[in-house]
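Below are the chains, spelled out letter by letter.
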Amino acid sequence: MLEEKLFAVLHAAAPDERLLEVRTAADRELSPYRRKIPAAQIEQLHKQFVNKRLLEARGLPRLSLFYM
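Note that the coordinates shown come from a computational prediction; the quantities given were computed from them, not determined experimentally.

Definitions and limits used
Residues numbered from 1 in each chain as written. Predicted model: local features only at pLDDT ≥ 70, side-chain atom pairs only at ≥ 80, totals over all residues. Heavy atoms only, no water. Phe/Tyr/Trp six-rings, centres within 6.5 Å; stacked < 30°, edge-to-face > 60°. Lys NZ or Arg CZ within 6 Å of the ring centre and 35° of its normal. Salt bridge = Lys/Arg side-chain N within 4 Å of Asp/Glu carboxyl O. Helix = DSSP H or I, 4+ residues; strand = E, 2+ residues; numbered from the N terminus. Axes fitted to C-alpha atoms, helices over the stretch in contact; angles between N-to-C directions. Parallel < 35°, antiparallel > 145°, perpendicular 65-115°, else oblique. Left-handed = near helix turned anticlockwise from the far one by under 90°. Contact = heavy atoms within 4.5 Å. Nonpolar A, V, L, I, M, F, W, Y, C, P; charged D, E, K, R; others polar.

*Asks:* What am I meant to see in the packing of aromatic side chains here?
*Replies:* Aromatic rings considered in pairs are described by the distance between their centres and by the relative angle of their planes. For the coordinates displayed, the defined rule picks out 0 aromatic pairs. For the cation-ring pair, Arg53 lies above Phe49, with the distance from its terminal atom to the ring centre recorded as 4.3 Å.

*Asks:* How do you make sense of the pattern of salt bridges when you look at a structure like this?
*Replies:* Where side chains of opposite charge bring their charged atoms close, a pairing between them can arise. On inspection of all chains with the given rule, the structure shows 5 salt bridges. A salt bridge links Arg34 to Asp27, with the shortest nitrogen-to-oxygen separation between them at 3.3 Å. The partner of Arg53 in a salt bridge is Glu56, with the nearest N and O atoms 3.6 Å apart. Here Arg53 pairs with Glu56, and both are found in helix H3 (residues 39–58), just 3 residues apart, close to one helical turn.

*Asks:* Is there a simple way to explain the packing of helix H2 (residues 16–30) against H3 in this structure?
*Replies:* For any two helices packed against each other, the geometry comes down to the angle between their axes and how far apart the axes lie. One can describe the packing of H2 onto H3 by two numbers: an axis separation of 9 Å at closest approach and a directional angle of 135 degrees. As summarised for this structure, H2 and H3 are arranged oblique, according to the angle between their axes. Where H2 crosses over H3, the two elements pack in a sense that is right-handed. The residues of H3 that touch H2, namely those facing Arg18, Leu19, Val22, Arg23, Ala25, Ala26, Asp27, Glu29 and Leu30, are Ile42, Leu45, His46, Phe49, Val50, Arg53, Leu54 and Ala57. For the contact of H2 with H3, the residue count by class is 11 nonpolar, 1 polar and 5 charged.

Function cannot be inferred from these measures alone, as they are strictly geometric.
What follows is the structure, given as structure tokens:
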């Protein structure tokens, strides 16, 4: 839950141009898989991609132990 709050703050603090850039990169990376993977999974992967890039841009680690 804390990580979700962090993502919300990162999204709010990121400039619109940066968000567009990251979302475009996510779309480009995931496009080959759109026919092979259900839409719900693509949406989840897209969200994870964007969140990961926003964390990397600020030099922040993931808070979940699952990703360590």
